[in-house]
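Okay, here's what each chain looks like letter by letter:
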Amino acid sequence: MAILRGKDIPKAEGKLAILTPGMGAVATTFMAGVISVRKGLSLPIGSLTQMGTIRLGKRTDKRSPKINDFVPLAQLDQIVFGGWDIYSDNAYEAAVKAAVLKPQHLDPIKDELSAIKPMTAVFDHKYVKNIDGPNKKTGTSKMDLAEQLRADIRNFIKNNGCSRAVMVWCASTESYSKPTEIHETLAAFEDALRKSDPNIAPSQIYCYASLMEGVPFANGAPNLCSEIGAMQELAEKQKLPIGGKDFKTGQTLMKTILAPGFKARMIGLSGWFSTNILGNRDGEVLDDPESFKTKEVSKLGVLDDILDPKSFPELYGNLYHKVRINYYPPRGDNKEGWDNIDIFGWMGYPMQIKVDFLCRDSILAAPIVLDLAIFMDLAHRCGMKGIQEWLSFYWKSPIVKKGLTPEHDLFVQKTKLKNTLRWLMHEDLITHLGLDYYEELD
Ligand SMILES: NC(=O)c1ccc[n+]([C@@H]2O[C@H](COP(=O)([O-])OP(=O)(O)OC[C@H]3O[C@@H](n4cnc5c(N)ncnc54)[C@H](O)[C@@H]3O)[C@@H](O)[C@H]2O)c1
């Protein structure tokens, strides 16, 4: 099926379910923010779908509508929230425990948040060692658990009168694992589900259930999930968008803003040391070396891909890149990330840059969950199936088709995202060539 564009894109009619495995800090901050904005109590800061504009045509045309007015997106008042968690706290209780948002922001939306109750989770302690909770499913096999999740999705959509759904993984980072042959094809994966193969992680079961129910899936954590061959095959077969992985927030966001700048100016780099302290549950999970390894791999890949040391050995061939995450409870969700960057310039003279980012993890992640859900839904209505490279903007480790290198440069990613929207709406792509200027001189 060809991709539907312009007037052919089906309107975003009816309610959209946004389903999050995991109802912790990120998911509840996202839900609280949307509800608060709907009530006119907050602004959706950080969200392109809600605040961004898009330039169209020539610079002299002065056309820059809001993205939300330009493409047919689901609106905030059409969203219904659902989720799963191993803890039975409702979204209000979970948000209070996560302590990201202050009572003054949670109290006015207590009723709406309290009504969002987690469904029982598919959980395997082997994949997340530092936490455990009571709200879990039991089943005769992993396939049985997948069937139960599928029933959850169907029931949720039906009971809430939704016309469509999107799933965004907001649960804990699972321990590091590499793809095995059971991950390669859909047939092998389904066979392994029936045999409860230990190599199948819970996130993969959610992803499978989501795609089987015709629901696009995005993975907000760095663990092995949506990129495996079996899920790619299933997404193609079901004609569904799929994406991942690991929301691009905090230190990696800074890295993908700064590194392309150094590279653009051919400034050399000899070292980049990044360390963080954070005290939320995510930090607790990442205190386990197995889960940290998953995060580390996701964070380390970024610089190599941006700097391309093979093509620029004199500038980036000897870069020492280190990333540390330290669990430090007093900070809660308010992470502090330090970067020491050793750069060198003309004739090799060294310089240093220090970045101290006192950030709020979930505040940065929440608008990403919203934008991804809304754009994945748009992609679904347009018939865009498989990996959505134009959404790389939101990922720390964008998944790409075999043989391709991911694009990490935030500004290239932004251009790609906006040009995709222009293309969808039959507008000229913007190259910033400024040919009109030379044509006038001619
Ligand atoms: N906050 C950020 O800036 C950021 C950036 C990138 C990625 N992430 C990732 O997003 C995820 C969520 O982060 P968070 O800060 O909300 O963490 P969190 O620990 O507050 O919330 C995760 C929730 O997932 C639940 N959970 C774990 N396994 C589950 C399962 N199998 N099924 C259902 N629920 C399960 C946990 O009980 C917990 O409530 C983490 O994987 C994190 O690494 C966060």
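Note that the structure is a prediction, hence the values are computed from the model and not measured. (Residues numbered from 1 in each chain as written. Predicted model: local features only at pLDDT ≥ 70, side-chain atom pairs only at ≥ 80, totals over all residues.)

(A) Summary view of the overall build of the chain. Looking only at helices and strands, the chain has 17 helices and 11 strands in total. Overall, the chain is about 70 × 50 × 50 Å in size when its C-alpha atoms are taken along their principal axes. Look at the contacts in the chain between residues 6 or more apart in sequence, and 77% of them connect residues 24 or more apart. (Helix = DSSP H or I, 4+ residues; strand = E, 2+ residues; numbered from the N terminus. Contact = placed C-beta atoms within 7 Å.)

(B) Inspection of the sheet that holds strand β9 (residues 336–344) at higher detail. Read across the sheet, four strands follow the order β8-β7-β9-β10 without closing on themselves; strand pairing throughout is mixed. With partners counted over all chains shown, the strands left at the sheet margins are β8 (320–327) and β10 (350–358), one partner each. Strand-to-strand twist in this sheet, taken as the mean axis angle between neighbours without regard to direction, amounts to 10°. Sheet topology places strand β7 (residues 268–278) next to β8; eight bridges connect them, and they run parallel. Bridging from a neighbouring strand, Leu 278 pairs with Tyr 327 of β8. Most of the contacts of helix α11 (residues 250–264) go to β9, to which it runs at about 15°, and overall it touches β7, β9 and β10. (Pairing = 2+ DSSP bridges. Axes fitted to C-alpha atoms, helices over the stretch in contact; angles between N-to-C directions.)

(C) Highlighting the nonpolar core. Ranked by size, the top nonpolar core spans 109 residues in total, and within it Met 31, Val 168, Val 369 and Leu 372 carry the most contacts. A total of 13 residues in this core trace back to one element, the largest contributor, which is helix α15 (residues 361–382). Lining this core are residues from two domains, each supplying at least three of them: domain 1 (6–247 + 363–424) and domain 2 (251–358). Filtering out sequence-adjacent residues up to four positions away, Leu 372 remains in contact with Val 168, Ala 218, Gly 243, Leu 391 and Tyr 394. Counting residues in each nonpolar core, the second largest holds 11 residues, with Ala 259, Leu 269, Val 302 and Tyr 316 among its members. (Core = buried A, V, L, I, M, F, W, Y, C linked by C-beta atoms within 7 Å. Buried ≥ 20, exposed ≤ 12 C-beta atoms within 10 Å, placed from the backbone. Domains from an automatic or database assignment.)

(D) Spotlight on the domain arrangement of the chain. Each domain of the chain was delimited in the assignment, giving domain 1 (6–247 + 363–424) and domain 2 (251–358). Taking only C-alpha atoms into account, the centre of domain 1 sits 26 Å from that of domain 2.

(E) Expanded view of the environment of Arg 63. Structurally, Arg 63 is set in the loop between α2 (48–51) and α3 (67–70). Residues Arg 63 and Thr 53 lie 10 residues apart in sequence; the distance between their C-alpha atoms is 9.6 Å. Other than its neighbours up to four places away in sequence, Arg 63 contacts Leu 56 and Gly 57.

(F) Quick peek at the site of the ligand. Taken together, the neighbourhood of the ligand is formed by 37 residues, with Gly 22, Gly 24, Val 26, Ala 221 and Arg 281 sitting nearest. Elements that contribute at least two residues to the shell around the ligand include exactly α1 (25–38), β2 (79–85), α12 (281–286) and α15. Looking at the shell around the ligand element by element, the count peaks at four residues for α15. Composition of the shell around the ligand by domain shows at least three residues from each of domain 1 (6–247 + 363–424) and domain 2 (251–358). (Near = placed C-beta within 6 Å.)

(G) The arrangement of unusual backbone geometry in detail. Lys 245 follows Gly 244 through a cis peptide bond whose omega is -10°. With respect to the helices and strands, the residue Lys 245 is situated in the loop between β6 (241–244) and α11. For Ala 99, which is not glycine, the phi torsion reads 55° and is therefore positive. Residue placement: Ala 99 occurs in the loop between α4 (91–98) and α5 (103–106). In the Ramachandran plot, Ser 196 falls in the positive-phi region, its phi being about 50° despite a non-glycine side chain.

(H) Region of interest: the sheet that holds strand β3 (residues 119–120). Read across the sheet, seven strands follow the order β3-β2-β1-β4-β5-β6-β11 without closing on themselves; strand pairing throughout is parallel. Here the strands that pair on one side only, and so sit at the sheet edges, are β3 and β11 (386–387).

(I) The arrangement of helix α13 (residues 289–307) in detail. Helix length check: α13, at 19 residues, gives a terminal C-alpha distance of 28 Å against a target of 27 Å (1.5 Å per residue), a fit within 8%. Along α13, the positions that sit buried rather than exposed are Ser 291, Phe 292, Thr 294, Lys 295, Ser 298, Lys 299, Val 302, Leu 303, Ile 306 and Leu 307. Looking at the buried positions of α13, the neighbouring elements they touch are α11, β7, α12, α14 (313–316) and β8. Asp 308 lies just past α13 and shows a positive phi near 50°. (Expected span 1.5 Å × (residues − 1).)

(J) How the structure looks around the packing of helix α9 (residues 202–212) against helix α10 (residues 229–238). Closest axis-to-axis distance for the α9/α10 pair is 9 Å, and the angle between their directions is 10°. Compared by their axis directions, α9 and α10 come out roughly parallel. In this structure, α9 uses Cys 207, Tyr 208 and Leu 211 to contact α10, whose residues at the interface are Met 231, Leu 234, Ala 235 and Gln 238. Looking at the contact of α9 with α10, its residues break down into six nonpolar, one polar and no charged. (Parallel < 35°, antiparallel > 145°, perpendicular 65-115°, else oblique. Nonpolar A, V, L, I, M, F, W, Y, C, P; charged D, E, K, R; others polar.)

(K) Expanded view of the pairing of β7. Across nine bridges, the pairing between β7 and β9 is antiparallel. Opposite Asn 276, over in β9, you have Gly 337 as the bridge partner.

(L) View of α9. Within α9, 10 of the 11 residues are buried, leaving the element largely enclosed by the surrounding structure. For α9, every residue scored as buried is listed here: Pro 202, Ser 203, Gln 204, Ile 205, Tyr 206, Cys 207, Tyr 208, Ala 209, Ser 210 and Leu 211. Check the buried side of α9 and you find it contacts β1 (15–21), α7 (142–159), β4 (162–169), β5 (217–219) and α10. Taken from the residues just after α9, Gly 214 is the one with a positive phi, measuring 75°.

(M) View of the environment of Ala 365. Among the secondary structure elements, Ala 365 is positioned in helix α15. For Ala 365, a count of 26 C-beta atoms within 10 Å puts it in the buried group. What Ala 365 contacts, discounting residues up to four positions off in sequence, is Val 26, Phe 247 and Thr 249.

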